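Listed below, chain by chain, are the residues.
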Protein chains: 2
Amino acid sequence: MRDAYQSDLRHLVEDLAEISEMVHAALTDASTALLDGDLGLAERVIAADSHIDERQVQLDEKIVELLARQSPVASDLRLMVAGLRMSSTLERMGDLAAHIAIVARRRHPEIAVPSQHTEDFRRFAELALASIKDATSVIRNNDLALAAQVEKRDDEIDDLQSDVYRAIAREDSFTTAQIVDLTLLARFYERLGDHAVSLVRRVGFLVTGDSIDSRVALTDVDDF
Amino acid sequence: MRDAYQSDLRHLVEDLAEISEMVHAALTDASTALLDGDLGLAERVIAADSHIDERQVQLDEKIVELLARQSPVASDLRLMVAGLRMSSTLERMGDLAAHIAIVARRRHPEIAVPSQHTEDFRRFAELALASIKDATSVIRNNDLALAAQVEKRDDEIDDLQSDVYRAIAREDSFTTAQIVDLTLLARFYERLGDHAVSLVRRVGFLVTGDSIDSRVALTDVDDF
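Here the residue index of a chain counts from 1 through its sequence in written order. Chains carry letters from A onward and ligands carry numbers from 1 onward, assigned in written order. Where totals are concerned, whole chains, interfaces and linings use all residues; where local detail is concerned, this predicted model gives features only for residues with pLDDT of at least 70, and gives and counts side-chain atom pairs only at 80 or more. Side-chain measures here rest on the full set of heavy atoms in the structure, leaving out hydrogens and waters.

Looking up chain A in an unreviewed UniProt entry gives the name Phosphate-specific transport system accessory protein PhoU, with the organism given as Brachybacterium equifaecis. UniProt positions are given in the numbering used here, feature names are shortened, and annotations may be inferred rather than shown by experiment. According to UniProt, the comment filed for chain A under the heading Function (unreviewed entry) is "Plays a role in the regulation of phosphate uptake."

Draft legend 1. Structural detail: the pattern of salt bridges. Throughout this description, the term salt bridge denotes a Lys or Arg side-chain nitrogen within 4 Å of a carboxyl oxygen of Asp or Glu. Applying the stated rule across the entire model yields 40 salt bridges over all chains. One salt bridge connects B:Asp194 with B:Arg191, and the closest N-O pair in it is separated by 3.0 Å. On the criterion of helical spacing, the pair formed by B:Asp194 and B:Arg191 is a turn pair, its members being three residues apart in helix H6 (residues 176-208). Considered together, B:Asp194 and B:Arg191 belong to a single accessibility category, that of buried residues. The structure contains a network of salt bridges with shared partners spanning A:Asp15, A:Glu18, A:Arg55 and A:Lys62. For the purposes of this entry, the term helix denotes a DSSP run of H or I that reaches at least four residues, the term strand denotes a run of E that reaches at least two, and both are numbered from the N terminus. Burial status follows relative accessibility: with a 1.4 Å probe on protein chains alone, a residue under 20% of its type maximum counts as buried, one over 50% as exposed, and anything between as partly exposed.

Draft legend 2. A look at the packing of aromatic side chains. Residues and elements named next belong to chain A. Ring pairs shown here join Phe, Tyr and Trp side chains whose ring centres sit within 6.5 Å, with only the six-membered ring taken for Trp; geometry is labelled stacked below 30 degrees between planes, edge-to-face above 60, and tilted in between. As enumerated under the stated definition, the model contains six aromatic pairs over all chains in all. Taken together, the ring pairs connect Phe 121, Phe 124 and Tyr 189 into an aromatic cluster. For a lysine, the NZ atom is tested; for an arginine, the CZ atom; a charge sits over a ring if that atom is within 6 Å of the ring centre and within 35 degrees of the ring normal. When the ring centre of Phe 205 is taken as reference, the NZ or CZ atom of Arg 78 above it lies at 5.3 Å.

Draft legend 3. Focus on the relation of the copies chain B and chain A. Superposition of the copies was done by least squares, using only C-alpha atoms of residues whose pLDDT is at least 70 in both. Mapping chain B onto chain A is achieved by rotating through 180 degrees and translating by 0.0 Å along the same axis, at an RMSD of 0.0 Å. With respect to symmetry, the two chain copies, as superposed, fit the operation of a two-fold axis. Across chain B, the rotation axis passes nearest the C-alpha of B:Ser71, at a separation of 2.5 Å. Between two residues, a contact is recorded if the distance between any of their heavy atoms is within 4.5 Å. Same-surface contact between copies: 100% of interface residues of chain B are shared with the interface of chain A.

Draft legend 4. Seen up close, the interface of chain B and chain A. Opposite the 47 residues of chain B that make contact, chain A presents 48 residues. Of the roughly 4000 Å² buried at the junction of chain B and chain A (both faces included), carbon and sulfur atoms supply 61%. The tally of links from chain B across to chain A stands at two salt bridges. In this structure, A:Asp60 engages B:Arg85 in a salt bridge whose closest nitrogen and oxygen atoms are separated by 2.2 Å. Summed over both partners, the accessible area lost on bringing two parts together, with a 1.4 Å probe, is the buried area.

Here it is as structure tokens:
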């Protein structure tokens, strides 16, 4: 009985790591669809978002059932509460990947990102994907050394967002529709970076027991 | 002992309603600061966001303590899990109000919203504020009749966002910085509408016991 419970807890962690992998795959494809203007790939990312949603709902049901059945205390309870929060965060990250694909689809056959900014958005994707990959390892192996990388990359993403907003403010050849798209796209990647930080902070909170604030400071659209 | 527990549960609901009122006040002031270009008011909204954050952290601690102490099952457990989720949603709504104030501050002494769009953003604020007010009543009194209004208003906000994006795409007198701001501002109000829907759906889930999907469909930036 106790063994089954321990196995349930391990499964909870593994479920979170697997959903994080699904988000990584979705963002990989969404970013490719965006930069290549690949309509079919964009459509697949948008359709596949419901799989992430289903996994989240299943995981939440599993956690609520565990809470009811086991009446956990202390670290097990904290793990379950963190699991509920992290599954929400991952579900939202899946939505953001789908939003990127939606912009790609909306602009097809044009490519939403003008060629001057291809490298910026390649970099957004690279940073966000590396952070999601690290977050997956942090979730699965409690490898908090990687958490610092995720925090550092989030600062880079914030700086890149400011740079992109400043650059498009200097540009006069873009249509308004292009500016709207670039603004939203930069915001989506920036939020993905924030969410990755939130994930690794939650794990840090579980491992160290400190009440680390898992929310991300209110600076993300502050000064560009 | 049992009475104290029932009182704790009532307090949980009241805490959520009070945080929702704080969000309403923050958005009222943020919207005024935005449309009047009131720097002092914008600063106060930004500074006050930490109070909402503190209330959320306190509420979460209270819920985790209740989970540990009472080992609730059935509807009490569902209430606590919903409370954790709703407190996250409210905290995020506070952030969005602060983000609106940050845009107002960034553009001061200019007003971020060009006069052609004053009415649109007055309407965004009106819709979002009415939904937060209704959500507060739904939380406090389980008044699900109001929930339908919140859903309806969310559709109106989505339509308004599409209209604004289309209108700015036709406009050629705006600077790029203005377009970036308008894009983000419309997005912030639109997300506030989504979050209000999420709040009332969670209450609906508690009251009816149905597994209503509290997430909002993936359509919000789809077709403008």
